[in-house]
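# Chains, contacts and geometry: an overview
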Amino acid sequence: MSAAERPRVACLCGSLRFQSLFESERRRLTALGMIVLAPEAIDEDLTPARREALGELHLRRIDVSDEVRVVSESGYLGSATRREIAYARKRCKSISSMDPILDL
């Protein structure tokens, strides 16, 4: 399958406090025929080292994506999401937001 034939890959970025928004956006993009990558909540206490490792894992999701879709509400962007947006920009990824307040 060539790159032109394969489905587009979107990486969702944002605070997991918006879990229901992540789920609805994942369903919407999947229904459009896209592959959707997103962070997952984990059931363990996060040490600083573990938090850093998970942050790096999410940057790898951005690396393999065609575009980044920011999940937010009321314009909220935390420091991790800002870092991910900056990373995506450096990698020339298309960036959009489902929150009309955000101007990315």
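Sequence positions are assigned chain by chain, starting from 1 and proceeding in written order. Per-residue local features are limited, in this predicted model, to residues with pLDDT of at least 70; the limit for side-chain atom pairs, both in listing and counting, is 80 or more; totals at the level of whole chains, interfaces and linings are taken over all residues. Hydrogens are left out, water is left out, and the side-chain values use all remaining heavy atoms of the structure.

### What about the overall build of the protein chain?
Runs of E in the DSSP output that reach at least two residues are strands. Runs of H or I that reach at least four are helices, and both are numbered from the N terminus. Scanning the protein chain from terminus to terminus reveals three helices and four strands. Secondary structure of the protein chain in N-to-C order comes out as β-α-β-α-β-α-β. Relative accessible area decides the class of each residue, using a 1.4 Å probe on protein chains only: under 20% of the type maximum gives buried, over 50% gives exposed, and in between gives partly exposed. Per-residue burial over the protein chain gives 38% buried out of 104 residues. Within the protein chain, contacts between residues at least 6 apart in sequence are counted, and of these 72% link residues at least 24 apart. By element, 52% of the accessible surface of the protein chain is carried by carbon and sulfur atoms, the whole surface being about 6,400 Å². Distance from the positive charge centre (17 side chains) to the negative charge centre (16 side chains) of the protein chain: 4 Å. Any two residues whose heavy atoms approach within 4.5 Å are treated as being in contact. In short, Shrake-Rupley with a 1.4 Å probe defines the accessible areas, and a residue's cover is counted only from the protein chains shown. We score Asp and Glu as negative and Lys and Arg as positive, and we do not count His or the chain ends. All charge positions are set by atom: Lys at NZ, Arg at CZ, Asp at CG, Glu at CD.

### Side note on the layout of surface pockets
Definitions used for this entry: grid spacing 1 Å over protein atoms alone; cavity, a set of points where a 1.4 Å probe fits but cannot get out; pocket, an open set with protein on both sides within 12 Å along at least 5 of 7 lines; lining residue, one with an atom within 4 Å of a point. Grid points are joined across faces, edges and corners, and a volume is the space filled by probe spheres set on the points. Approximately 590 Å³ is the volume attributed to the largest pocket. In terms of lining, the largest pocket is formed by 22 residues, of which the most central are Leu16, Pro39, Arg51, Leu54 and Glu84. Going through the elements one at a time, helix H2 (48-64) and helix H3 (79-90) are the ones with two or more residues in the lining of the largest pocket. Counting residues per element, the lining of the largest pocket draws most heavily on H2, which supplies seven residues. Residue type decides the class: Asp, Glu, Lys and Arg count as charged, Ala, Val, Leu, Ile, Met, Phe, Trp, Tyr, Cys and Pro as nonpolar, and the leftover types, Gly among them, as polar. Taken together, the residues of the lining of the largest pocket break down into nine nonpolar, seven polar and six charged.

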